[in-house]
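Examining the three-dimensional arrangement
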Amino acid sequence: MAPPDNDVLWARSLHCALSGSDALSGVSLGVREGEILALVGPRGSGKTTLMRCLSGQLLAQQGEVWFNSSPVHTLGPAERERLRRDRFGWIDPEPGLVPELTGWENTALPLLLRGISHKAAKTAALEWLERLDIGVCARKRPHALTQSQRQRIAIARALVATPSVLFADEPTATLHRADGAQVLRTLTAAARSHGITVLLATHDAEVAALADRTVALLDGRRVGTVPPASGAEGVAACSLSV
Ligand SMILES: Nc1ncnc2c1ncn2[C@@H]1O[C@H](COP(=O)(O)OP(=O)(O)OP(=O)(O)O)[C@@H](O)[C@H]1O
């Protein structure tokens, strides 16, 4: 069965067991182009596993994943790797920067890996660092930066190649509340202004409130779609110019 035309990502009946236990038990999901979708659920509910399956990092034992009307579940490892590199961005709870590289070099990595010239990659990286209010970090190495600055660099790195889909796994979990909220507003505003679809895994209702739609997971199953706790945040984020 082919996915609906307006879904950028579409998954049907994903079953995924990890080390013998069911991480996903028949999850189906459609994500519309440009949408910011929050995946919510308590720890261990399957959010990360679902995002890993949707992004081609992990193959579910059963079920289908489609990206823009092309099957992902039938691709070989090299093709899935290329898809991830060329079309997707990923943010982990921890920034995972290369310690030997400066802020702009860390940010530019996805472009340099695609073979884009050093000069063009640096220009794009510096632009994203400015947009995320960390232009001053461009020439510093990670050890000289705060946790918030490092995570903003990880976000800039995920956005620099303007991915079709950005997967953000608890992107502000290690930040203080106010700082995390600011970082998330910047991230969602940047995604909206560049038409980037975002999947945002979180167990925080305030974070989910920034999304257009929320999908809830529990024990590897969808337990219903709930509206954001506060309807105004997503609209407010649109008006920020990032
Ligand atoms: N590499 C792994 N090996 C074995 N089991 C795993 C692995 N990764 C996840 N699991 C298990 O799969 C289930 C789903 O985990 P997952 O990390 O997807 O949930 P989550 O909702 O993202 O949780 P969290 O909020 O803690 O990140 C859990 O029971 C977890 O223990």
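Please refer to the structure higher up on the page.
About the thresholds
Residues numbered from 1 in each chain as written. Predicted model: local features only at pLDDT ≥ 70, side-chain atom pairs only at ≥ 80, totals over all residues. Heavy atoms only, no water. Pairing = 2+ DSSP bridges. Helix = DSSP H or I, 4+ residues; strand = E, 2+ residues; numbered from the N terminus. Buried < 20%, exposed > 50% of the residue type's maximum accessible area, 1.4 Å probe, protein only.

**Here we look at the sheet that holds strand E2 (residues 21-32)**
The four strands lie next to each other as E2-E1-E4-E5, forming an open sheet whose pairing is antiparallel. Strands at the two margins of the open sheet, each flanked by one partner only, are E2 and strand E5 (70-71). Across two bridges, strand E4 (residues 62-67) lies against E5 in antiparallel orientation. Residue pairing in the sheet places tryptophan 66 in a bridge with proline 71 of E5.

**Thoughts on the pairing of strand E3 (residues 36-40)**
Buried residues dominate E3, accounting for five of its five residues. Looking at chain direction, E3 and strand E8 (residues 197-202) are connected through five bridges and run parallel. Within E8, the position partnered with leucine 39 by the bridge is alanine 201. Both E3 and strand E9 (residues 213-218) contribute to a ladder of four bridges, which runs parallel. What sits directly across from leucine 39, in E9, is valine 215.

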